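Chain and residue survey
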Amino acid sequence: MPGRIIERYEHVPVTQADLEWADLITLDLSLYDQPGGKEELVKQLDHAVRNVGFFYVKNFNISQEEVDRQFALGREFYSLPLEEKLKYHNKQDLESGEYNGYRPAGHRILGNGIKDNVQVYNIPKFDGFHQRKQPPVLESNIKEIEEFSRKCHEEVVVKLLRLFAILLELPDEDQLVRDHQYDVKGEDHLRYMHYAARSPEENKLVGDLYGPGHTDLGTVTLLFRQPVAALQIQNSAGEWKWVKPQDGTITINTCDALTALTGGLIKSSVHRVHAPPADQAHIDRLGVLYFARPNNHVVLDPIQNSPLLNRLGLTSNAFTELGQHLTTEQWVKVRQTQQQRPRAAAKISADGKYTYEKKDLEILPGLHAAIHN
């Protein structure tokens with residue numbers, strides 16, 4: 001819709017509920033280019049990534065106006081009629097591991113007859129390998145979307161990769177950057193994510209969860225601040241804590257591929273989406289996220305030239321222990337296929353524990369997805 005004016009996105013008020021908030025560090029990226037700044041940030045990062053896998057970043061050179069434009073575009077997409085959105089959905093592609101484009105709500109039954117309440121629209125990075133037709137409201141703003149996608153990579157992901165390299169004592173702080181180049185084929189993507197509010201009765205049937213505990217499959221996930229409380233993390237004590245929306249920050253979580261590359265040193269964060277507190281329970285939740293992954297050709301074996309990993313004896317991972325040496329492309333394919341293929345509804349206990357049939361959790365022979373209750 002060329003020329004259409006998109007109204008400004010207005011964020012709803014934050015919850016006034018007294019929740020158990022997670023105690024997370026905030027990395028100030030304005031320190032990054034200062035003398036000794038990267039080393040100071042690594043000191044802060046060390047405990048977070050080894051124990052929780054969650055932290056905030058601030059001063060990341062993406063304005064709130066730019067962020068809010070992405071929320072506005074997500075809002076406009078989800079306001080389209082379902083039949084229009086379904087033009088960008090292919091069920092067969094989804095179940096075979098192709099996750100870009102649209103996934104409607106109700107793709108699966110969570111349990112007790114309740115279907116999932118989440119819609120997803122994934123926009124692959126603009127590396128020239130993922131040509132897709134976009135809905136007009138996005139296509140007419142595609143240059144702006146590409147600029148935002150690239151800024152997520154350059155202003156946040158690249159800086160974090162250099163900090164991880166310093167943490168790992170790698171001889172070249174650009175080693176991980178070279179394995180995550182934006183213009184080299186990869187599975188990074190921007191996501192607009194919409195959770196529809198449910199009734200208290202429906203929520204109770206699924207343990208008051210929009211999604212059970214899980215880890216993400218890539219390197220890092222960027223979650224832009226939005227005020228509807230729902231994200232929870234599992235801390236090192238095994239307790240679930242709410243993630244507080246902090247003004248001017250991005251919430252970062254570390255993921256499976258980074259865990260594999262570091263032999264388990266960097267924790268793949270366990271998180272879930274809870275139904276919002278009572279004063280926000282009626283509000284739909286819109287998210288803007290960016291998922292960063294190694295380039296497709298990168299083999300997810302533990303990094304061999306890290307003095308730290310070698311001192312700690314972290315020279316294997318869940319893949320290599322099975323005799324597998326998966327590339328990122330292979331890992332994404334098998335993990336996404338396991339996540340999206342049809343499966344039986346979970347058995348959900350009164351206290352919200354999800355149990356699936358073992359065959360539905362198999363990623364590879366000998367490797368199963370974990371559900372964190």
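Report follows, based on the coordinates. (Residues numbered from 1 in each chain as written. Predicted model: local features only at pLDDT ≥ 70, side-chain atom pairs only at ≥ 80, totals over all residues. Heavy atoms only, no water.)

**Observations concerning the layout of surface pockets**
- In this model, the largest pocket occupies a volume close to 360 Å³.
- If you go around the largest pocket, you meet 20 residues; those closest to its centre are T215, D256, A318, W331 and L367.
- Secondary structure elements with two or more residues in the lining of the largest pocket: α9 (256-261), α11 (328-340) and β18 (367-368).
- Residue contributions to the lining of the largest pocket peak at 3 residues, all from α9.
- Within the lining of the largest pocket, the residues separate by chemical class into 8 nonpolar, 9 polar and 3 charged. (1 Å grid on protein atoms, 1.4 Å probe; cavity = no way out; pocket = protein on both sides within 12 Å on 5 of 7 lines; lining within 4 Å. Points joined across faces, edges and corners; volume = space filled by probe spheres on them. Helix = DSSP H or I, 4+ residues; strand = E, 2+ residues; numbered from the N terminus. Nonpolar A, V, L, I, M, F, W, Y, C, P; charged D, E, K, R; others polar.)

**Quick word on the nonpolar core**
- Ranked by size, the top nonpolar core spans 86 residues in total, and within it V57, F164, L222 and F224 carry the most contacts.
- Sort the elements by how many residues they give to this core and helix α6 (residues 142-167) lands first, with 13 residues.
- If we ignore the near neighbours within four places in the chain, the residues touching V57 are T26, L27, L29, V156, L160, G248, T249, I250 and I252.
- Grouped together as the second largest cluster of nonpolar side chains are 19 residues, V118, V120, M193 and F291 included. (Core = buried A, V, L, I, M, F, W, Y, C linked by side-chain atoms within 4.5 Å. Buried < 20%, exposed > 50% of the residue type's maximum accessible area, 1.4 Å probe, protein only. Contact = heavy atoms within 4.5 Å.)

**Thoughts on the pattern of salt bridges**
- For the coordinates displayed, the defined rule picks out 20 salt bridges.
- Note that D172 and R178 form a salt bridge whose closest N and O atoms lie 2.8 Å from each other.
- In this structure, K359 and E357 form a salt bridge, with 3.5 Å as the shortest nitrogen-oxygen distance.
- K359 sits in the exposed class, given a relative accessible area of 56%.
- The exposure class assigned to E357 is partly exposed, which follows from its relative accessible area of 42%.
- Look at the salt bridges and you will find they share partners, linking E146, R150 and D183 into a network. (Salt bridge = Lys/Arg side-chain N within 4 Å of Asp/Glu carboxyl O.)

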